[in-house]
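Report on the structure
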Amino acid sequence: MLAPALLISGCVIDPIFQSDNYHLARTLLDAAALRHEAIATNVANVETPGYRRLDLSTDFASRLKSSLAAGDFARRSAEIRPQLAVDGAARSVRPDGNTVDLERELVAMNRNAVEHQFLADLVSSSLKQLKMAITGRVA
Amino acid sequence: MNLIAGVDISAGALNANKTRLDIIAQNIANAQTTRTPQGGPYQRRVVTFETELIRRTLGGGPSLQSVRIGEIAVDRTAGQQVHNPQHPDANAEGQVTMPNVNLAYEMVDLITASRAYEANLSVVRSARQMALKTLEIGK
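Within each chain, residue numbers correspond to sequence positions counted from 1 in written order. Going through the entries in the order they are written, you letter the chains from A and number the ligands from 1. Local features are withheld for residues below a pLDDT of 70 in this predicted model, meaning they are given only at 70 or higher, and side-chain atom pairs are given and counted only at 80 or more; totals for whole chains, interfaces and linings count all residues. Values reported for side chains reflect all heavy atoms of the structure, with hydrogen atoms and water molecules removed beforehand.

1. Describing a nonpolar patch on the surface
Residues and elements named next belong to chain B. Among the surface-exposed residues, Leu3, Leu132 and Leu135 lie close enough to one another that they form a single nonpolar patch of about 300 Å² accessible area. Structurally, Leu132 is set in helix H2 (residues 103–135). Relative accessibility under 20% of the residue-type maximum defines a buried residue, over 50% an exposed one, and the middle range a partly exposed one, all with a 1.4 Å probe and only protein chains included. Given the relative accessible area of 41%, Leu132 is considered partly exposed. Patches in this entry comprise residues that are over 30% relatively accessible and not in a salt bridge; like charges within 9 Å are linked, as are nonpolar side chains (Val, Leu, Ile, Met, Phe, Trp, Tyr) within 5 Å. A 1.4 Å probe and the Shrake-Rupley method give the accessible areas. Residues count as covered only by the protein chains that appear here. Within this document, salt bridges are pairs made up of a side-chain nitrogen of Lys or Arg and a carboxyl oxygen of Asp or Glu, the two lying within 4 Å of each other. Helix and strand definitions here come from DSSP, where helices need a minimum of 4 consecutive H or I residues and strands a minimum of 2 consecutive E residues; each element is numbered from the N-terminal end.

Written as structure tokens, this is what we have:
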């Protein structure tokens, strides 16, 4: 009698918690929260002389991409954590050497919020699908 | 980690900018004050900001910094001399030393401070939406 239950766990429950998309969404949700903190720091320091804007390190994106290409992301997702770095590409147009541009920060913030919302919906719908599979009810 | 990402960073900046607005209001209110408890005309106050460490990030990356009021300093530049012999605070030659408040500077500072306040407020608003969305995962 246990065999059908094991079969279900092999086909439905595991794929949702081990799928690349689910792990990717989780990692990117963390990244969105961290990027929001970086943007909050940038906006708070918009008038600090010599301050250089923070963003997620470009290293994070490249590691994520190579891990996805290698196809082992679901197992290695815990190793790839988002990190902050000083944005070296931002140039200052102000005499005080500050590289924060308020308009650009606010645009980045809104974009980040939309990304976060999308990822939260994605995780939510994966969990809802799982719930539906377990209970057999839609709501 | 905070539930609402970066809210402590923005809170520091909001607080600092509110103090700056208060000091600007004080300067404008005292633009004509020729008598103070210290003697002599009112002298303009200037707010200086300093960074405040909120959190170091993992892996030795750059730290998250907020802003706080460093000092409320007195602007020592000399005030304007106005010839007004009827004024009770006029000296023997009929000259009155007015406060060194320049309304044009104060208005520019006022707008800068209120824009910075609004920008930080919109960061908080967006962080709140992100937190609410996170809490909705699985619902």
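Next comes the rest of the account.
2. Considering the packing of helix H2 (residues 20–44) of chain A against H2 of chain B
All axes are obtained by fitting lines to C-alpha atoms, using only the stretch in contact for helices, and the reported angles, taken between N-to-C directions, cover 0 to 180 degrees. At a minimum axis separation of 10 Å, H2 of chain A and H2 of chain B run at an interaxial angle of 165°. Compared by their axis directions, H2 of chain A and H2 of chain B come out roughly antiparallel. By crossing handedness, the relation of H2 of chain A to H2 of chain B is classed as left-handed. Only Ala119, Asn120, Val123, Ser126, Ala127 and Met130 of chain B of H2 of chain B make contact with H2 of chain A, whose side of the interface consists of Ala32, Ala33, His36, Ala40, Val43 and Ala44 of chain A. When grouped by side-chain class, the residues that make up the contact of H2 of chain A with H2 of chain B number nine nonpolar, three polar and no charged. Here the word oblique covers every angle except those under 35 degrees (roughly parallel), over 145 (roughly antiparallel) and from 65 to 115 (roughly perpendicular). The hand of a helix crossing depends on one turn: near helix anticlockwise from the far one by less than a right angle means left-handed, and clockwise means right-handed. The contact rule is simple, with two residues in contact once any of their heavy atoms fall within 4.5 Å. Each residue is assigned to one class: nonpolar for Ala, Val, Leu, Ile, Met, Phe, Trp, Tyr, Cys and Pro, charged for Asp, Glu, Lys and Arg, and polar for all the others, Gly among them.

3. Brief notes about the interface of chain A and chain B
The interface of chain A with chain B comprises 33 residues on the first partner and 34 residues on the second. Here chain A packs against chain B, burying approximately 2,600 Å² in sum over the two surfaces, 67% of which is carbon and sulfur. By definition, the buried area sums, over both parts, the 1.4 Å-probe accessible area that each loses when the two are put together. For the chain A face of the interface with chain B, the top three residues by lost area are His36, Glu37 and Glu47 of chain A, together amounting to 22%. Applying the counting criterion to the chain A and chain B interface returns two salt bridges. Here Arg20 of chain B makes a salt bridge to Glu47 of chain A, at a shortest N to O gap of 2.8 Å. Any pair of nitrogen or oxygen atoms within 3.5 Å is treated as a polar contact; in protein, a donor-acceptor pairing is required on top of that, and neighbouring residues in sequence qualify only through side-chain atoms on both sides. Between chain A and chain B we count seven residue pairs in polar contact (both at pLDDT 80 or more) in total. Mapped onto the side of chain A that touches chain B, the elements with two or more residues apiece are H2, strand E2 (84–86) and helix H5 (102–135) of chain A. Take the side of chain A that touches chain B: its biggest share by element is 14 residues, from H5 of chain A. Of the residues in the side of chain A that touches chain B, the class split is 19 nonpolar, nine polar and five charged.

4. Section: the confidence of the model for chain A
Low pLDDT marks regions whose predicted coordinates should not be analysed in detail. As a per-residue measure, pLDDT reflects the predictor's confidence and takes values from 0 up to 100. Confidence along chain A averages 83 in pLDDT terms, with 88% of residues attaining 70 or more. Scored below 50 in pLDDT, residues 1–10 of chain A makes four contacts in the model with residues more than four places away or belonging to other chains.

5. Concerning the nonpolar core
In this description, a nonpolar core means a group of buried Ala, Val, Leu, Ile, Met, Phe, Trp, Tyr and Cys residues linked to one another through side-chain atoms lying within 4.5 Å. One finds Leu54, Leu56, Phe60, Leu64 and Leu84 of chain A to be the most contacted residues of the largest nonpolar core, which totals 24 residues. Breaking this core down by element, the ones donating at least two residues are H2, strand E1 (54–56) and helix H3 (58–70) of chain A together with helix H1 (7–29) and H2 of chain B. Top element by residues in this core is H2 of chain A. It accounts for eight residues. Listed in part, the six residues of the second largest apolar core include Ala25, Leu29, Leu119 and Ala120 of chain A.

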